[in-house]
Amino acid sequence: MRTPRLMGTLLAILGLIFVIAGGATYVMVSQELSRANVTVADDADFLAGDHVNGPFSAYSQAQIIDKHALESTGGKTYAELDREDPLRNVAMNASFLRSSLFTSVVAFGVATMAMGVGVALILAGIGLRAVGVERRVTA
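All of these numbers come straight from a predicted model, not from anything done at the bench.

Digging into the pattern of salt bridges
And then number 1: Per the counting criterion, the structure on display carries 2 salt bridges.
And then number 2: We note a salt bridge from Glu-32 to Arg-35, for which the minimum N-O separation is 2.3 Å. Here the residue Glu-32 and the residue Arg-35 both occupy positions in helix H1 (residues 3-35), the gap between them amounting to 3 residues, near one helical turn.
And then number 3: When its relative accessible area of 55% is taken as the criterion, Arg-35 is described as exposed.

A few points about the environment of Gly-15
And then number 1: For Gly-15, the location among the structural elements is in helix H1.
And then number 2: Under the relative-accessibility criterion, Gly-15 is labelled buried at 0%.
And then number 3: Sequence separation between Gly-15 and Met-115 is 100 residues; the distance between their C-alpha atoms is 8.1 Å.
And then number 4: Beyond its immediate sequence surroundings of up to four residues, Gly-15 is in contact with Gly-118, Leu-121 and Ile-122.

Here's the deal with the confidence of the model for the protein
And then number 1: Of the residues in the protein, 94% reach a pLDDT of 70 or more, and the chain-wide mean stands at 93.
And then number 2: Taking the mean pLDDT of every element in the protein, the minimum, 91, falls on helix H3 (residues 87-138) and the maximum, 96, on helix H2 (residues 55-72).

Let's talk about the nonpolar core
And then number 1: Grouped together as the largest cluster of nonpolar side chains are 14 residues, with contacts concentrated most on Leu-33, Val-52, Ala-58 and Leu-101.
And then number 2: Every element with two or more residues in this core is listed here: H1, H2 and H3.
And then number 3: With 5 residues, H2 is the single largest residue contributor to this core.
And then number 4: Contact partners of Leu-33, with chain neighbours within four places excluded, come to Val-52, Asn-53, Gly-54, Ala-58, Leu-101, Ser-104 and Phe-108.

Some points on the packing of aromatic side chains
And then number 1: As enumerated under the stated definition, the model contains 3 aromatic pairs in all.
And then number 2: When the ring of Tyr-59 is compared with that of Phe-102, the centres are 5.8 Å apart and the planes differ by 55°; the resulting orientation is tilted. Remark: Phe-102 occurs in helix H3 and Tyr-59 occurs in helix H2; sequence separation between them is 43 residues.
And then number 3: One aromatic cluster is present, built from ring pairs that chain together Phe-46, Tyr-59 and Phe-102.

Conventions adopted
- Residues numbered from 1 in each chain as written.
- Predicted model: local features only at pLDDT ≥ 70, side-chain atom pairs only at ≥ 80, totals over all residues.
- Heavy atoms only, no water.
- Salt bridge = Lys/Arg side-chain N within 4 Å of Asp/Glu carboxyl O.
- Helix = DSSP H or I, 4+ residues; strand = E, 2+ residues; numbered from the N terminus.
- Buried < 20%, exposed > 50% of the residue type's maximum accessible area, 1.4 Å probe, protein only.
- Contact = heavy atoms within 4.5 Å.
- pLDDT = per-residue confidence, 0-100.
- Core = buried A, V, L, I, M, F, W, Y, C linked by side-chain atoms within 4.5 Å.
- Phe/Tyr/Trp six-rings, centres within 6.5 Å; stacked < 30°, edge-to-face > 60°.

In C-alpha cells form, the structure reads like this:
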C-alpha cells in the first residue's frame, strides 16, 4: 500500500514549507528591527548597548522604555494620567514603542514555533515513509 509513503512525503514537504516560512519571517523581522538602528539603553537590566535585532534585545529595550517612562511620569501609566497632563504624551509614546517591540518579540516566537513544527512534520513524514517501505518489504 502506497498511502503511508505518500502521506509521509506530503508531511515532509509541508514541514519544509513551515521551516522555510518560519526562517524567512525570523530573518525579515530581524532585518526590520536592525534598520531602525536602535541600541539597548545603557541602563538596561541585560544586553545594555546591544543592537536591537533579535527577540532578547527587543525585549530588553521594551523593558527599559517602560522604566524610563514611569520615571518621567512619576510612576503613573498613560491611563492614570489626567487627559490634560503633558506627560501623557510621554506615556503614550512609550506605550507605542513598547507595543511595537513586543510585537516583534511575538513574531520571533511564532517564527521559531513554525520552524519547530516544520521539523516535527519532516520527522513524522520520514517515519511514515519508513513504515510504508517496511510494510511493502514484509508484504
